[in-house]
Amino acid sequence: MTATLFTNVRVIDGTGEAPFAAEVLVKGNRIAQIARNGAAIDAPEAETVDGGGSTLMPGLTDAHAHLSFLNAERLEDLTSLSAEAHALETAKVARLVLDHGYTSMFSGSSARTHTDIAIRDAINAGDIPGPRLLAATRQMTVTGGFGDIGRNGAYAVVLNGADAFRDACRQAARDGVDIFKIVPSAARRGADPLAEDTAMTDAEVAAVCEVARQRGRRVSAHARSADAVKMCLRHGVDMIYHATLADDEAKDMLEAAKDRIFVAPAMGLPYSRLRDAESYGVATDEYTHARATKEIETVSATMAELHRRGVRVLPGGDYGFKWNPHGKNARDLSMFVECFGFTSLEAIRAATQWGGQLMGPGLGLGHELGQVREGYLADLLLVDGDPSQEIEILQHRERLLAIMKDGAFHKPPPREPLVRRQAAE
Ligand SMILES: [Zn+2]
(Lines give C-alpha, C1' and ligand atoms only; values in the text may rest on other atoms or scores of the structure.)
Protein backbone atom coordinates (compact mmCIF):
# COMPACT_ATOMS: atom_id res chain seq x y z
CA MET A 1 0.00 0.00 0.00
CA THR A 2 1.39 3.43 -0.90
CA ALA A 3 1.59 6.00 1.88
CA THR A 4 2.17 9.76 1.85
CA LEU A 5 2.90 11.84 4.95
CA PHE A 6 2.22 15.58 4.72
CA THR A 7 4.19 17.48 7.35
CA ASN A 8 4.35 21.18 8.15
CA VAL A 9 0.93 21.98 6.68
CA ARG A 10 -1.94 24.23 7.63
CA VAL A 11 -5.11 22.14 7.34
CA ILE A 12 -8.44 23.50 6.15
CA ASP A 13 -10.60 20.45 6.86
CA GLY A 14 -13.66 21.57 4.88
CA THR A 15 -16.12 21.78 7.81
CA GLY A 16 -15.78 25.52 8.25
CA GLU A 17 -13.46 25.08 11.25
CA ALA A 18 -10.52 27.50 11.40
CA PRO A 19 -7.27 26.23 9.84
CA PHE A 20 -4.93 24.31 12.13
CA ALA A 21 -1.34 23.08 11.96
CA ALA A 22 -1.04 19.32 11.54
CA GLU A 23 0.58 16.29 9.97
CA VAL A 24 -1.62 14.15 7.75
CA LEU A 25 -0.96 10.56 6.72
CA VAL A 26 -2.55 9.06 3.62
CA LYS A 27 -2.51 5.28 3.26
CA GLY A 28 -3.81 3.77 0.06
CA ASN A 29 -6.72 5.98 -0.99
CA ARG A 30 -7.74 7.08 2.52
CA ILE A 31 -6.70 9.63 5.11
CA ALA A 32 -5.35 7.34 7.81
CA GLN A 33 -4.25 9.74 10.55
CA ILE A 34 -4.21 13.42 11.47
CA ALA A 35 -1.91 14.71 14.23
CA ARG A 36 -2.53 18.21 15.58
CA ASN A 37 -0.84 20.54 18.03
CA GLY A 38 2.71 19.75 16.99
CA ALA A 39 2.32 16.00 17.37
CA ALA A 40 4.26 13.91 14.88
CA ILE A 41 3.16 10.83 12.96
CA ASP A 42 5.56 7.93 12.84
CA ALA A 43 5.29 6.44 9.37
CA PRO A 44 8.71 5.37 8.07
CA GLU A 45 7.13 3.59 5.12
CA ALA A 46 5.53 6.81 3.84
CA GLU A 47 6.90 9.24 1.28
CA THR A 48 7.16 12.52 3.19
CA VAL A 49 6.00 15.79 1.67
CA ASP A 50 7.20 18.78 3.70
CA GLY A 51 4.51 21.36 3.00
CA GLY A 52 6.65 24.26 4.17
CA GLY A 53 3.67 25.96 5.77
CA SER A 54 1.38 25.60 2.77
CA THR A 55 -2.29 24.62 3.09
CA LEU A 56 -3.72 21.12 2.78
CA MET A 57 -7.42 21.06 1.98
CA PRO A 58 -10.00 18.81 0.33
CA GLY A 59 -10.31 18.80 -3.46
CA LEU A 60 -13.09 20.97 -4.86
CA THR A 61 -16.53 19.97 -6.14
CA ASP A 62 -18.38 21.76 -8.94
CA ALA A 63 -22.11 21.21 -8.48
CA HIS A 64 -23.16 22.37 -11.96
CA ALA A 65 -20.61 21.16 -14.49
CA HIS A 66 -20.94 20.68 -18.24
CA LEU A 67 -17.70 18.97 -19.23
CA SER A 68 -19.04 18.36 -22.73
CA PHE A 69 -19.90 22.03 -23.35
CA LEU A 70 -16.80 23.05 -25.27
CA ASN A 71 -16.70 26.78 -24.65
CA ALA A 72 -19.21 27.52 -27.40
CA GLU A 73 -20.84 30.92 -27.69
CA ARG A 74 -24.34 29.76 -28.60
CA LEU A 75 -26.49 26.84 -27.46
CA GLU A 76 -26.85 25.92 -31.13
CA ASP A 77 -23.09 25.29 -31.30
CA LEU A 78 -22.89 22.84 -28.39
CA THR A 79 -23.20 19.84 -30.69
CA SER A 80 -21.38 21.10 -33.76
CA LEU A 81 -18.62 18.47 -33.58
CA SER A 82 -19.02 14.83 -34.52
CA ALA A 83 -19.75 12.58 -31.56
CA GLU A 84 -16.23 11.13 -31.81
CA ALA A 85 -14.42 14.47 -31.84
CA HIS A 86 -16.75 15.69 -29.12
CA ALA A 87 -15.77 12.85 -26.79
CA LEU A 88 -12.05 13.46 -27.35
CA GLU A 89 -12.40 17.18 -26.66
CA THR A 90 -14.43 16.46 -23.52
CA ALA A 91 -11.62 14.23 -22.27
CA LYS A 92 -9.29 17.24 -22.47
CA VAL A 93 -11.74 19.27 -20.37
CA ALA A 94 -11.86 16.48 -17.76
CA ARG A 95 -8.11 16.75 -17.38
CA LEU A 96 -8.19 20.54 -17.34
CA VAL A 97 -10.64 20.80 -14.45
CA LEU A 98 -8.62 18.31 -12.40
CA ASP A 99 -5.53 20.42 -13.15
CA HIS A 100 -7.46 23.28 -11.52
CA GLY A 101 -8.14 21.35 -8.32
CA TYR A 102 -11.59 19.98 -9.08
CA THR A 103 -11.64 16.37 -7.90
CA SER A 104 -15.44 16.00 -8.10
CA MET A 105 -17.97 17.14 -10.66
CA PHE A 106 -21.75 16.83 -10.50
CA SER A 107 -22.89 17.18 -14.09
CA GLY A 108 -25.49 19.80 -14.92
CA SER A 109 -26.21 17.99 -18.22
CA SER A 110 -24.37 16.30 -21.06
CA ALA A 111 -24.38 17.83 -24.53
CA ARG A 112 -24.89 14.37 -26.06
CA THR A 113 -26.75 11.38 -24.67
CA HIS A 114 -23.72 9.25 -23.85
CA THR A 115 -20.80 11.68 -23.55
CA ASP A 116 -20.87 12.09 -19.76
CA ILE A 117 -21.21 8.32 -19.33
CA ALA A 118 -18.28 7.53 -21.63
CA ILE A 119 -16.02 10.11 -20.00
CA ARG A 120 -16.94 8.99 -16.48
CA ASP A 121 -16.25 5.36 -17.34
CA ALA A 122 -12.91 6.20 -18.96
CA ILE A 123 -11.88 8.20 -15.88
CA ASN A 124 -12.94 5.41 -13.53
CA ALA A 125 -11.03 2.87 -15.62
CA GLY A 126 -7.89 4.99 -15.31
CA ASP A 127 -7.73 5.53 -19.08
CA ILE A 128 -7.89 9.33 -18.87
CA PRO A 129 -7.27 11.77 -15.98
CA GLY A 130 -10.30 13.54 -14.61
CA PRO A 131 -12.42 14.19 -11.55
CA ARG A 132 -14.90 11.86 -9.93
CA LEU A 133 -17.85 12.47 -12.23
CA LEU A 134 -21.56 11.90 -11.86
CA ALA A 135 -22.95 11.65 -15.38
CA ALA A 136 -26.13 13.43 -16.41
CA THR A 137 -28.65 13.08 -19.20
CA ARG A 138 -29.03 15.71 -21.83
CA GLN A 139 -31.25 18.49 -20.55
CA MET A 140 -34.83 17.15 -20.64
CA THR A 141 -37.25 19.93 -21.51
CA VAL A 142 -40.77 20.36 -22.96
CA THR A 143 -41.87 21.91 -26.23
CA GLY A 144 -41.21 25.63 -25.92
CA GLY A 145 -39.23 25.14 -22.72
CA PHE A 146 -35.70 26.35 -22.11
CA GLY A 147 -33.39 24.32 -24.33
CA ASP A 148 -35.98 23.69 -27.07
CA ILE A 149 -34.08 25.58 -29.72
CA GLY A 150 -35.44 23.81 -32.76
CA ARG A 151 -34.18 21.10 -35.05
CA ASN A 152 -30.52 21.94 -34.69
CA GLY A 153 -30.66 22.16 -30.92
CA ALA A 154 -29.83 18.58 -30.11
CA TYR A 155 -28.08 19.47 -26.86
CA ALA A 156 -31.51 19.15 -25.18
CA VAL A 157 -34.16 16.48 -25.58
CA VAL A 158 -37.77 17.62 -25.93
CA LEU A 159 -40.40 15.46 -24.20
CA ASN A 160 -44.08 15.93 -23.43
CA GLY A 161 -46.20 14.03 -20.93
CA ALA A 162 -45.35 11.87 -17.94
CA ASP A 163 -44.99 8.73 -20.05
CA ALA A 164 -42.43 10.35 -22.34
CA PHE A 165 -40.34 11.52 -19.37
CA ARG A 166 -40.67 8.13 -17.67
CA ASP A 167 -39.51 6.33 -20.80
CA ALA A 168 -36.54 8.69 -21.27
CA CYS A 169 -35.47 8.26 -17.64
CA ARG A 170 -35.73 4.48 -17.83
CA GLN A 171 -33.55 4.49 -20.94
CA ALA A 172 -31.05 6.78 -19.23
CA ALA A 173 -30.93 4.52 -16.17
CA ARG A 174 -30.41 1.52 -18.42
CA ASP A 175 -27.55 3.33 -20.17
CA GLY A 176 -25.85 4.15 -16.86
CA VAL A 177 -26.67 7.78 -16.21
CA ASP A 178 -26.41 9.02 -12.58
CA ILE A 179 -28.48 12.22 -12.83
CA PHE A 180 -31.73 13.03 -14.61
CA LYS A 181 -31.63 16.72 -15.57
CA ILE A 182 -34.99 18.40 -16.10
CA VAL A 183 -36.09 21.94 -16.97
CA PRO A 184 -39.36 22.71 -15.19
CA SER A 185 -39.23 26.45 -15.87
CA ALA A 186 -38.94 28.51 -19.06
CA ALA A 187 -38.00 32.15 -19.61
CA ARG A 188 -40.76 34.47 -20.79
CA ARG A 189 -39.36 37.24 -22.92
CA GLY A 190 -41.07 40.47 -22.01
CA ALA A 191 -40.83 43.73 -20.15
CA ASP A 192 -39.50 42.05 -17.00
CA PRO A 193 -36.23 40.40 -18.01
CA LEU A 194 -36.49 37.88 -15.15
CA ALA A 195 -40.07 36.76 -15.86
CA GLU A 196 -40.29 32.99 -15.93
CA ASP A 197 -43.06 30.51 -16.68
CA THR A 198 -43.43 27.08 -15.18
CA ALA A 199 -43.28 24.78 -18.17
CA MET A 200 -43.39 21.19 -16.90
CA THR A 201 -46.38 19.66 -15.13
CA ASP A 202 -46.57 18.04 -11.72
CA ALA A 203 -47.21 14.70 -13.41
CA GLU A 204 -44.02 15.02 -15.49
CA VAL A 205 -41.78 15.97 -12.56
CA ALA A 206 -43.38 13.24 -10.42
CA ALA A 207 -42.70 10.63 -13.12
CA VAL A 208 -39.01 11.58 -13.31
CA CYS A 209 -38.63 11.45 -9.53
CA GLU A 210 -40.45 8.13 -9.34
CA VAL A 211 -38.04 6.48 -11.79
CA ALA A 212 -35.10 8.05 -9.95
CA ARG A 213 -36.21 6.56 -6.65
CA GLN A 214 -36.82 3.16 -8.18
CA ARG A 215 -33.45 3.09 -9.90
CA GLY A 216 -31.32 4.90 -7.32
CA ARG A 217 -30.59 7.98 -9.47
CA ARG A 218 -30.48 11.70 -8.65
CA VAL A 219 -32.67 14.41 -10.18
CA SER A 220 -31.49 17.96 -10.83
CA ALA A 221 -33.67 20.77 -12.11
CA HIS A 222 -33.28 24.13 -13.81
CA ALA A 223 -35.95 25.86 -11.70
CA ARG A 224 -36.09 29.63 -11.76
CA SER A 225 -39.79 30.35 -11.14
CA ALA A 226 -41.18 30.06 -7.62
CA ASP A 227 -43.72 27.45 -8.75
CA ALA A 228 -41.02 25.34 -10.37
CA VAL A 229 -38.99 25.36 -7.14
CA LYS A 230 -42.05 24.26 -5.16
CA MET A 231 -42.89 21.57 -7.72
CA CYS A 232 -39.38 20.17 -7.37
CA LEU A 233 -39.65 20.11 -3.59
CA ARG A 234 -43.06 18.41 -3.68
CA HIS A 235 -41.74 15.53 -5.76
CA GLY A 236 -38.28 14.96 -4.34
CA VAL A 237 -35.80 16.59 -6.74
CA ASP A 238 -32.31 16.44 -5.18
CA MET A 239 -30.61 19.50 -6.66
CA ILE A 240 -32.31 22.78 -7.54
CA TYR A 241 -30.44 25.09 -9.91
CA HIS A 242 -30.93 28.87 -9.92
CA ALA A 243 -34.04 29.21 -7.67
CA THR A 244 -33.91 32.83 -8.84
CA LEU A 245 -37.50 33.83 -8.11
CA ALA A 246 -38.06 31.70 -5.00
CA ASP A 247 -40.77 33.48 -2.96
CA ASP A 248 -41.28 33.24 0.80
CA GLU A 249 -43.24 30.00 0.52
CA ALA A 250 -40.55 28.44 -1.67
CA LYS A 251 -37.83 29.55 0.75
CA ASP A 252 -39.77 28.07 3.66
CA MET A 253 -40.09 24.80 1.76
CA LEU A 254 -36.34 24.82 0.97
CA GLU A 255 -35.53 25.41 4.62
CA ALA A 256 -37.85 22.60 5.71
CA ALA A 257 -36.05 20.25 3.29
CA LYS A 258 -32.53 21.50 4.10
CA ASP A 259 -31.28 18.11 5.28
CA ARG A 260 -31.86 16.54 1.89
CA ILE A 261 -31.97 19.37 -0.68
CA PHE A 262 -29.08 21.12 -2.41
CA VAL A 263 -29.22 24.46 -4.21
CA ALA A 264 -26.73 25.79 -6.74
CA PRO A 265 -27.37 29.28 -8.12
CA ALA A 266 -25.12 28.66 -11.15
CA MET A 267 -24.56 32.39 -11.53
CA GLY A 268 -21.34 32.12 -13.51
CA LEU A 269 -22.92 33.00 -16.86
CA PRO A 270 -24.58 36.31 -15.93
CA TYR A 271 -21.63 37.24 -13.69
CA SER A 272 -19.03 36.75 -16.41
CA ARG A 273 -21.40 38.18 -19.04
CA LEU A 274 -21.11 41.59 -17.40
CA ARG A 275 -17.41 41.38 -16.58
CA ASP A 276 -15.72 39.30 -19.26
CA ALA A 277 -17.92 38.85 -22.34
CA GLU A 278 -16.43 41.82 -24.16
CA SER A 279 -12.86 40.64 -23.64
CA TYR A 280 -13.84 37.31 -25.22
CA GLY A 281 -15.31 39.15 -28.22
CA VAL A 282 -18.88 38.29 -27.24
CA ALA A 283 -21.44 41.04 -27.80
CA THR A 284 -24.12 41.69 -25.18
CA ASP A 285 -27.39 43.32 -26.26
CA GLU A 286 -29.36 45.60 -23.97
CA TYR A 287 -31.90 42.95 -23.01
CA THR A 288 -29.24 40.42 -22.07
CA HIS A 289 -27.37 43.05 -20.08
CA ALA A 290 -30.52 44.01 -18.16
CA ARG A 291 -31.34 40.37 -17.51
CA ALA A 292 -27.86 39.55 -16.22
CA THR A 293 -27.82 42.61 -13.97
CA LYS A 294 -31.17 41.79 -12.43
CA GLU A 295 -30.35 38.09 -12.17
CA ILE A 296 -27.22 38.82 -10.13
CA GLU A 297 -29.11 41.23 -7.87
CA THR A 298 -32.02 38.83 -7.27
CA VAL A 299 -30.00 35.62 -6.95
CA SER A 300 -27.56 37.29 -4.56
CA ALA A 301 -30.35 38.29 -2.19
CA THR A 302 -32.01 34.87 -2.44
CA MET A 303 -28.80 32.91 -1.83
CA ALA A 304 -27.72 35.10 1.07
CA GLU A 305 -31.06 34.42 2.73
CA LEU A 306 -31.03 30.68 2.03
CA HIS A 307 -27.51 30.50 3.45
CA ARG A 308 -28.65 32.28 6.62
CA ARG A 309 -31.50 29.78 6.87
CA GLY A 310 -29.12 26.83 6.76
CA VAL A 311 -29.81 25.61 3.21
CA ARG A 312 -26.75 24.10 1.51
CA VAL A 313 -25.89 26.45 -1.37
CA LEU A 314 -23.09 25.10 -3.57
CA PRO A 315 -20.70 26.63 -6.11
CA GLY A 316 -20.83 25.50 -9.72
CA GLY A 317 -21.44 28.05 -12.41
CA ASP A 318 -22.11 26.71 -15.91
CA TYR A 319 -18.48 26.83 -17.03
CA GLY A 320 -18.12 25.71 -20.65
CA PHE A 321 -19.12 28.79 -22.63
CA LYS A 322 -16.95 31.15 -24.62
CA TRP A 323 -17.07 33.97 -22.07
CA ASN A 324 -17.22 31.59 -19.09
CA PRO A 325 -14.69 28.89 -20.02
CA HIS A 326 -13.67 25.71 -18.22
CA GLY A 327 -10.87 26.11 -15.70
CA LYS A 328 -12.30 29.30 -14.20
CA ASN A 329 -14.58 27.29 -11.91
CA ALA A 330 -13.01 28.44 -8.61
CA ARG A 331 -14.14 31.97 -9.37
CA ASP A 332 -17.49 30.78 -8.03
CA LEU A 333 -16.01 30.65 -4.51
CA SER A 334 -14.91 34.28 -4.71
CA MET A 335 -18.36 35.15 -6.07
CA PHE A 336 -20.00 33.49 -3.05
CA VAL A 337 -17.93 35.74 -0.81
CA GLU A 338 -18.49 38.88 -2.87
CA CYS A 339 -22.19 38.45 -3.68
CA PHE A 340 -23.77 36.10 -1.11
CA GLY A 341 -22.00 37.13 2.10
CA PHE A 342 -20.18 33.84 2.64
CA THR A 343 -16.89 33.92 4.53
CA SER A 344 -13.99 32.33 2.66
CA LEU A 345 -14.16 29.31 4.97
CA GLU A 346 -17.90 28.97 4.30
CA ALA A 347 -17.33 29.11 0.55
CA ILE A 348 -14.66 26.42 0.89
CA ARG A 349 -17.00 24.33 3.03
CA ALA A 350 -19.70 24.61 0.35
CA ALA A 351 -17.27 23.36 -2.31
CA THR A 352 -15.80 20.54 -0.17
CA GLN A 353 -17.87 19.13 2.71
CA TRP A 354 -21.21 19.89 1.04
CA GLY A 355 -19.80 18.84 -2.32
CA GLY A 356 -18.90 15.49 -0.77
CA GLN A 357 -22.43 15.17 0.59
CA LEU A 358 -23.84 15.92 -2.87
CA MET A 359 -21.58 13.44 -4.67
CA GLY A 360 -21.56 10.63 -2.09
CA PRO A 361 -24.86 8.87 -2.76
CA GLY A 362 -24.34 8.90 -6.54
CA LEU A 363 -20.88 7.38 -6.10
CA GLY A 364 -22.22 4.70 -3.76
CA LEU A 365 -20.39 6.30 -0.82
CA GLY A 366 -21.46 7.18 2.70
CA HIS A 367 -19.96 10.15 4.51
CA GLU A 368 -16.39 9.76 3.27
CA LEU A 369 -15.71 12.48 0.71
CA GLY A 370 -15.01 16.21 0.89
CA GLN A 371 -13.16 16.63 4.19
CA VAL A 372 -9.67 16.27 5.60
CA ARG A 373 -10.76 13.73 8.17
CA GLU A 374 -9.54 10.32 9.27
CA GLY A 375 -11.15 7.57 7.20
CA TYR A 376 -12.14 9.92 4.40
CA LEU A 377 -11.05 9.47 0.78
CA ALA A 378 -7.79 11.24 0.00
CA ASP A 379 -8.85 13.91 -2.54
CA LEU A 380 -6.49 16.69 -1.46
CA LEU A 381 -4.97 19.97 -2.61
CA LEU A 382 -1.69 21.38 -1.36
CA VAL A 383 -2.04 25.14 -1.80
CA ASP A 384 0.65 27.80 -1.80
CA GLY A 385 -0.80 30.31 0.67
CA ASP A 386 -3.94 30.38 2.81
CA PRO A 387 -7.25 30.39 0.90
CA SER A 388 -9.14 31.14 4.12
CA GLN A 389 -7.43 34.55 4.02
CA GLU A 390 -7.27 34.94 0.26
CA ILE A 391 -9.94 32.91 -1.53
CA GLU A 392 -8.75 34.10 -4.98
CA ILE A 393 -5.67 31.88 -4.70
CA LEU A 394 -7.80 28.91 -5.70
CA GLN A 395 -8.32 30.42 -9.16
CA HIS A 396 -4.62 30.12 -9.98
CA ARG A 397 -3.50 26.65 -10.89
CA GLU A 398 0.16 27.48 -10.30
CA ARG A 399 -0.72 28.01 -6.63
CA LEU A 400 -1.89 24.40 -6.44
CA LEU A 401 1.42 22.79 -5.49
CA ALA A 402 0.02 19.27 -5.54
CA ILE A 403 -3.27 17.62 -6.46
CA MET A 404 -4.17 14.20 -5.07
CA LYS A 405 -7.19 12.18 -6.12
CA ASP A 406 -8.08 8.90 -4.45
CA GLY A 407 -4.69 8.73 -2.72
CA ALA A 408 -2.61 9.17 -5.91
CA PHE A 409 -0.97 12.36 -7.08
CA HIS A 410 -2.46 13.78 -10.28
CA LYS A 411 0.02 16.62 -9.82
CA PRO A 412 2.98 15.62 -7.64
CA PRO A 413 4.53 18.17 -5.30
CA PRO A 414 7.55 20.06 -6.68
CA ARG A 415 10.93 18.41 -6.19
CA GLU A 416 12.60 21.35 -4.50
CA PRO A 417 11.82 21.61 -0.78
CA LEU A 418 8.67 23.63 -0.22
CA VAL A 419 10.24 25.09 2.90
CA ARG A 420 12.79 27.02 0.87
CA ARG A 421 10.22 28.11 -1.65
CA GLN A 422 8.12 29.73 1.08
CA ALA A 423 11.13 31.32 2.77
CA ALA A 424 12.21 32.97 -0.45
CA GLU A 425 8.94 34.84 -0.88
ZN1 LIG B 1 -26.18 24.58 -16.92
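Residues numbered from 1 in each chain as written. Predicted model: local features only at pLDDT ≥ 70, side-chain atom pairs only at ≥ 80, totals over all residues. Heavy atoms only, no water.

Visitor: Looking at this structure, I do not really get the overall build of the protein. What am I missing?
Guide: In terms of helices and strands, the protein carries 12 helices and 20 strands. Rg of the C-alpha trace for the protein: 21 Å, near the compact-globule value of 22 Å for 425 residues, within the 12% margin. Seen through its principal axes, the protein has C-alpha atoms that stretch 65 × 45 × 40 Å. The burial tally for the protein puts 58% of its 425 residues in the buried class. Within the protein, residue pairs in contact and separated by at least 24 positions form 68% of the contacts whose partners lie at least 6 positions apart. With the model as given, the accessible surface of the protein reaches about 16,500 Å², and the carbon-plus-sulfur share is 47%. Both charge centroids of the protein, one from 47 positive and one from 58 negative side chains, sit 2 Å from each other. (Helix = DSSP H or I, 4+ residues; strand = E, 2+ residues; numbered from the N terminus. Rg over C-alpha atoms; globule rule 2.2 N^0.38 Å. Buried < 20%, exposed > 50% of the residue type's maximum accessible area, 1.4 Å probe, protein only. Contact = heavy atoms within 4.5 Å. Areas by Shrake-Rupley, 256 points an atom, 1.4 Å probe, with all protein chains shown as cover. Lys, Arg positive; Asp, Glu negative; His and termini not counted. Charge placed at Lys NZ, Arg CZ, Asp CG, Glu CD.)

Visitor: Help me understand the domain arrangement of the protein in this model?
Guide: A common measure of how large an interface is: the accessible area buried when the components associate. Assigned domains of the protein: these are domain 1 (3-59 + 371-423) and domain 2 (60-329). Between the C-alpha centres of domain 1 and domain 2 the distance comes to 32 Å. With 13 residues of domain 1 at the contact, the number on the domain 2 side is 15 residues. A buried area of about 1,200 Å², summed over both sides, lies between domain 1 and domain 2, and 55% of it is on carbon and sulfur atoms. Considering only the surface of domain 1 that becomes buried against domain 2, Arg397, Lys405 and His410 emerge as the three largest contributors, covering 48% of it. Our enumeration of links across domain 1 and domain 2 arrives at three salt bridges. The salt bridge partner of Asp99 is Arg397, with a shortest N-O separation of 3.4 Å. The interface formed by domain 1 and domain 2 includes five residue pairs in polar contact (both at pLDDT 80 or more). (Domains from an automatic or database assignment. Buried area = accessible area lost by both parts, 1.4 Å probe. Salt bridge = Lys/Arg side-chain N within 4 Å of Asp/Glu carboxyl O. Polar contact = N/O pair within 3.5 Å; in protein donor to acceptor, adjacent residues only side chain to side chain.)

Visitor: Would you explain the nonpolar core in this entry?
Guide: A general tendency of soluble globular proteins is for nonpolar side chains to be buried together. By size, the foremost hydrophobic cluster in this structure holds 93 residues, and its most contacted members are Phe180, Ile182, Val237, Ile240, Leu254, Leu333 and Leu394. Discounting residues that sit within four places of it in the chain, Phe180 has contacts with Thr137, Met140, Cys169, Ala172, Ala173, Val208, Val211, Ala212, Arg217, Arg218, Val219 and Ser220. If you look at the next biggest cluster of nonpolar residues, it comprises 19 residues, including Phe6, Leu56, Ala378 and Leu401. (Core = buried A, V, L, I, M, F, W, Y, C linked by side-chain atoms within 4.5 Å.)

Visitor: Help me understand the packing of helix H3 (residues 162-175) against helix H4 (residues 202-215) in this model?
Guide: The description of two helices packed together rests on the angle between their axes and the distance between the axes. As a packed pair, H3 and H4 sit with axes 8 Å apart at the nearest point and diverge in direction by 25 degrees. Comparing the axis directions of H3 and H4 gives the class roughly parallel. Crossing of H3 against H4: the hand is right-handed. Only Ala203, Glu204, Ala207, Val208, Glu210, Val211, Gln214 and Arg215 of H4 make contact with H3, whose side of the interface consists of Ala162, Phe165, Arg166, Cys169, Arg170 and Ala173. A breakdown of the residues in the contact of H3 with H4 according to their chemical character gives eight nonpolar, one polar and five charged. (Axes fitted to C-alpha atoms, helices over the stretch in contact; angles between N-to-C directions. Parallel < 35°, antiparallel > 145°, perpendicular 65-115°, else oblique. Left-handed = near helix turned anticlockwise from the far one by under 90°. Nonpolar A, V, L, I, M, F, W, Y, C, P; charged D, E, K, R; others polar.)

Visitor: Just checking my understanding: could you explain the coordination of the zinc ion for this structure?
Guide: Octahedral metal centres with six donors ideally show angles of 90 or 180 degrees, and tetrahedral centres with four donors ideally show 109.5 degrees. Coordination of the zinc ion by the protein is provided by His64 (NE2), His66 (NE2) and Asp318 (OD), with metal-donor distances spanning 2.0 to 2.1 Å. Coordination of the zinc ion draws on donor residues from a single chain, spaced H-x1-H-x251-D in sequence. A relative accessible area of 2% means that His64 is categorised as buried. In this structure His66 comes out as buried when scored by relative accessible area, which is 3%. (Donors = N, O, S within 2.8 Å, 3.2 Å for Na, K, Ca; no water.)

Visitor: Looking at this structure, how should I read the side chain of His326?
Guide: Checked against the element boundaries, His326 lands in the loop between strand S17 (312-313) and helix H9 (331-340). Within the structure, His326 has its side chain in polar contact with the backbone oxygen of His66 (distance 3.3 Å). Here the side chain of His326 touches Phe69 through a polar contact of 2.6 Å, landing on its backbone oxygen. With residues up to four places along the chain from it excluded, the contact list for His326 reads His66, Leu67, Phe69, Asn71, Val93, Leu96, Tyr319 and Gly320.

Visitor: Please clarify how the environment of Arg331 should be interpreted in this entry.
Guide: Position of Arg331 among the secondary structure elements: in helix H9. A relative accessible area of 9% means that Arg331 is categorised as buried. A sequence separation of 29 residues divides Arg331 from Gly360, and the C-alpha atoms of the two residues are 24 Å apart. In this view, Arg331 contacts Gly268, Tyr271, Ser272, Asp276, Tyr319, Asn324 and Gln395; residues no more than four positions away in its chain are not counted.

Visitor: Sorry if this is basic, but what is going on with unusual backbone geometry here?
Guide: Comment: phi is negative for the bulk of residues other than glycine, and the bulk of peptide bonds are trans. Within the chain, Asn37 stands out as a residue other than glycine whose phi angle is a positive 55 degrees. Its place among the elements puts Asn37 in the loop between strand S3 (30-36) and strand S4 (47-50). The phi torsion at Ser109 lies on the positive side, around 150 degrees, for a residue other than glycine. Within the fold, Ser109 resides in the loop between strand S7 (102-107) and helix H2 (115-124).

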